[in-house]
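Below, each chain spelled out in residue letters.
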Amino acid sequence: MAESEDIAIDDLSTEYAKGDVRNMVRKLSENNWEIPIGHIPNMRVPGRLFVSENLLDGIEPGTIDQIANVATLPGIQKYSMAMPDAHLGYGFAIGGVAAFDMEEGIISPGGVGFDINCGVRLIRTKLQKEEVIPNIKTLTDELFKNIPAGVGSKSRFRASDKELDCAFLEGAKWAVEAGYGVEADTEYCEANGYMEGADPSHVSTKARNRGKPQLGTLGSGNHFLEVQYVDKIYDQEMASTFGLEEGQVTVMIHCGSRGAGHQICTDYLKELSKAVKDHKIEIPDKQLACAPAQSREAQNYFKAMLCAANYAWANRQMITHWTRESFENVFGRDAEDLGMNLLYDVAHNVAKLEEHTVDGKKKEVYVHRKGATRAFPPGHPEVPAVYRDVGQPVLIPGSMGTPSFILCGSKEAMDISFGSACHGAGRVMSRAQAKKEFRGQNVKDNLEAQGITIRAAHPSVIAEEAPGVYKSSSEVVNVVHELGIARKVARVLPLGVTKG
DNA sequence: ATGTTC
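These numbers come from a predicted model, not from an experiment.

### Examining the packing of helix 7 (residues 161-177) against helix 12 (residues 296-331)
Contact geometry for helix 7 and helix 12: axes closest at 7 Å, N-to-C directions at 40°. Here helix 12 runs oblique to helix 7, going by the angle between their axes. Between helix 7 and helix 12 the crossing geometry is left-handed. For the pair helix 7 and helix 12, the contacting residues are Leu164, Ala167, Phe168, Leu169, Glu170, Gly171, Ala172, Trp174, Ala175 and Val176 in the first and Leu306, Cys307, Asn310, Tyr311, Trp313, Ala314, Gln317 and Met318 in the second. Across the contact of helix 7 with helix 12, the residue classes break down as 14 nonpolar, 3 polar and 1 charged.

See the structure below:
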C-alpha cells in the first residue's frame, strides 16, 4: 500500500487557483520567468520557467512548486528549469531540466522519469507525399501489423538473456550488429545509440522479465509511429543540411524503454527513498528521492538507468528495421533505394554526465532532462559531422494528428538551459478526463476526414490522445525558437499513425 | 509512461 502511495502523483495544485501562478513568478524577459528564492524554504537557486504569457496561464501552480522543490536539492547549478510544455510529474515536473555538481550534487530517478530514454527518431525517405497518399491505408496497416503496439504488447523478437544483456550494454549498436539496421544508423543517434557504463548486474530480475518480451515494441500512451510529410521549411539552408525538402515523406518513431525502464525506475525509487534518509538529505517532497551523486546507491541507479537508456535505443532501432521492411513490402523497392536513412534519434528522458560552463568555468555536471530534449549547438563534438555547422537536430513530436517539428540546437541552449529544449506538446487534461470529453471513434472519424489514417491497438487510446487534450505544439515550439534555445527548421504533418 | 491501484 505504501508503495502505491509513493508512486501516485500528488495533485499539488488543489490548494491553489490556476490564476495564482501569476503571483508566483516574476517576468525577467519575454518567455523567461523567475521563481524567486523564498517561494518555498531552502531553495539554493531560483527557478526558471520558459513560457509565453499565454502558456503561463495553463501552467498548474503545483508545477511551479515542483520547479522550486528541485531548487532545494544539493549541488544544483544555476537554476531549476522548466520548458514551455511543463506539467506536473512525479517529483520533478515533466519538462524539467536540472544539472547537479558531479561531486556535491545528487542523482534522482524522479529527474529522469519512469520512461527512461523515451525519445524520438526521424527517418527520411526519397518519397513524395503524392506517391504515399494513395497507399497510406495499406502502408499504415502494414506498419501496424509489423510493429507491435499497445500496453503489454509482445515483440516478434524473443530476446534471450544474453541478447537482453547486449541491448542493455550496447543499445542500437547491438541491434544493428544483430541485423536490425545499417551501420550508419548509430552515427545519427544521440550518444551513437548507447552509453558506456551500463551494468546489467544492477537491474532486477523483475525488470529483466518485463523487458525481455518487449524489445521491439512501440508501447502505449503518447508513443506512436507516424508517416508524415514536410509541409513547411523555416530555414532552407539548415533543412538542406538535414536532407529535408517540402513534400518529402518522413517517418517519426516516438517510444522508450517500456516495462524495463518503468521497473528500473520503480526499483530505484524504493532504494533511493532509503538512501535519502541514510545520507540525511532534506527534501521537500518524498518523490524527490535521491542520493549523493558519487554514492553507491546513486551510481547503482545510474548504471541501471543506462541499461534502460540503451534498451530504448535498441528498441527504436528494431522498430526502424521493421519500418523499412514495411515500406519495402508496400512500395516493392528496397529501403536503400527509398532513401530510408536516419536523420537523427534524440532522447528526452535521461540523466547524463556532460561538460557545461557554469560561472565562466567548464565543469562536469549530471544533467537531468525529464521531458526535455538535448539541443547541442553548432560545432559541438557530439553533433554528427554532417550537421556540425548547423547544430544537433531537435525532434519535437506533436500529439496525434498535429504537426511535429524539426529544430536545431544552439549556443543559447548551452548558455541558458544546459543544452536543452522542449520535448512536445504537453497534456492539458488527464487521461480519465480525456475519455469523458472524447470518443475514440469520433476522434478517428475527424482525423480521417482530414486525410490522416489511424490504427490503434485499442479505441480508448484514441480518445486519451485526442488532439484536444494537448497544448498546441506550435505554441510550445515558438517559445524555444524565440528564446533561441532551438531554431525551427521544418514542420511535418501526419499522413498515417499507428498507436498502442 | 506503466502487466493503466503488486
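Anyway, onward from the coordinates.
### Some details on the UniProt feature "binding site: Mn(2+) 2" (unreviewed entry) in chain A
Within the UniProt annotation, "binding site: Mn(2+) 2" (unreviewed entry) is assigned to His254 and His348. In sequence the annotated residues extend across 95 residues, while in space they remain close, none of their C-alpha pairs exceeding 10.3 Å. In this structure, His254 sits in strand 9 (residues 248-255). Not counting residues up to four positions away in its chain, the partners in contact with His254 are Cys118, Gly119, Val120, Leu218, Asn222, His223, Phe224, His348 and Pro397. On the secondary structure map, His348 appears in the loop between strand 11 (342-347) and strand 12 (349-358). Aside from chain neighbours lying at most four places away, what touches His348 is Cys118, Gly119, Val120, His254, Arg369, Lys370, Gly371, Ala372, Thr373 and His423.

### A short note on the UniProt feature "binding site: Mn(2+) 1" (unreviewed entry) in chain A
Under the UniProt annotation, the feature "binding site: Mn(2+) 1" (unreviewed entry) is placed at Asp115 and His223. These annotated residues cover 109 residues of sequence, and their C-alpha atoms lie no more than 10.8 Å from one another, placing them together at a single site. On the secondary structure map, Asp115 appears in the loop between strand 6 (106-107) and strand 7 (119-128). Since its relative accessible area comes to 17%, Asp115 is described here as buried. The contact partners of Asp115, leaving out residues within four places of it in the chain, are His223, Gly256, Ser257, Arg258 and Asn349.

### Topic: the protein's contact with DNA strand B
Within the structure, DNA strand B sits among 15 residues, and Arg210, Gly221, Asn222, Arg258 and Arg431 are positioned closest to it. Expressed as a percentage, the sugar and phosphate content of the atoms of DNA strand B within 4 Å of the protein is 56%. In this structure, Arg258 approaches DNA strand B through a side-chain N or O atom, which is 2.8 Å from a phosphate oxygen. Taking His262, its side chain carries an N or O atom lying 3.4 Å from a base oxygen of DNA strand B. Elements with a minimum of two residues in the surface near DNA strand B: helix 9 (205-211) and helix 11 (258-278). Looking at which element gives the most residues to the surface near DNA strand B, the answer is helix 11, with 3 residues. Looking at the surface near DNA strand B, its residues break down into 2 nonpolar, 8 polar and 5 charged.

### What to know about the confidence of the model for chain A
Residue-level pLDDT values for chain A average 95, and 97% of them are 70 or greater. A low-confidence stretch, residues 1-13 stays under pLDDT 50, and its non-local contacts, those more than four residues away or across chains, total 20 contacts.

### Points about the nonpolar core
Formed by 112 residues in total, the largest nonpolar core has its most connected members in Val132, Leu215, Val227, Phe242, Met305, Phe327 and Ile406. Setting aside its immediate chain neighbours within four residues, Met305 contacts Val112, Ile116, Ile264, Val350 and Ala351. Among the nonpolar cores identified, the runner-up in size contains 56 residues, and Val51, Ile106, Val479 and Leu483 belong to it.

How each quantity is defined
Residues numbered from 1 in each chain as written. Chains lettered and ligands numbered in written order. Predicted model: local features only at pLDDT ≥ 70, side-chain atom pairs only at ≥ 80, totals over all residues. Heavy atoms only, no water. Axes fitted to C-alpha atoms, helices over the stretch in contact; angles between N-to-C directions. Helix = DSSP H or I, 4+ residues; strand = E, 2+ residues; numbered from the N terminus. Parallel < 35°, antiparallel > 145°, perpendicular 65-115°, else oblique. Left-handed = near helix turned anticlockwise from the far one by under 90°. Contact = heavy atoms within 4.5 Å. Nonpolar A, V, L, I, M, F, W, Y, C, P; charged D, E, K, R; others polar. UniProt positions renumbered as here; feature names shortened; annotations may be inferred. Buried < 20%, exposed > 50% of the residue type's maximum accessible area, 1.4 Å probe, protein only. Near = heavy atom within 4 Å. Polar contact = N/O pair within 3.5 Å; in protein donor to acceptor, adjacent residues only side chain to side chain. pLDDT = per-residue confidence, 0-100. Core = buried A, V, L, I, M, F, W, Y, C linked by side-chain atoms within 4.5 Å.

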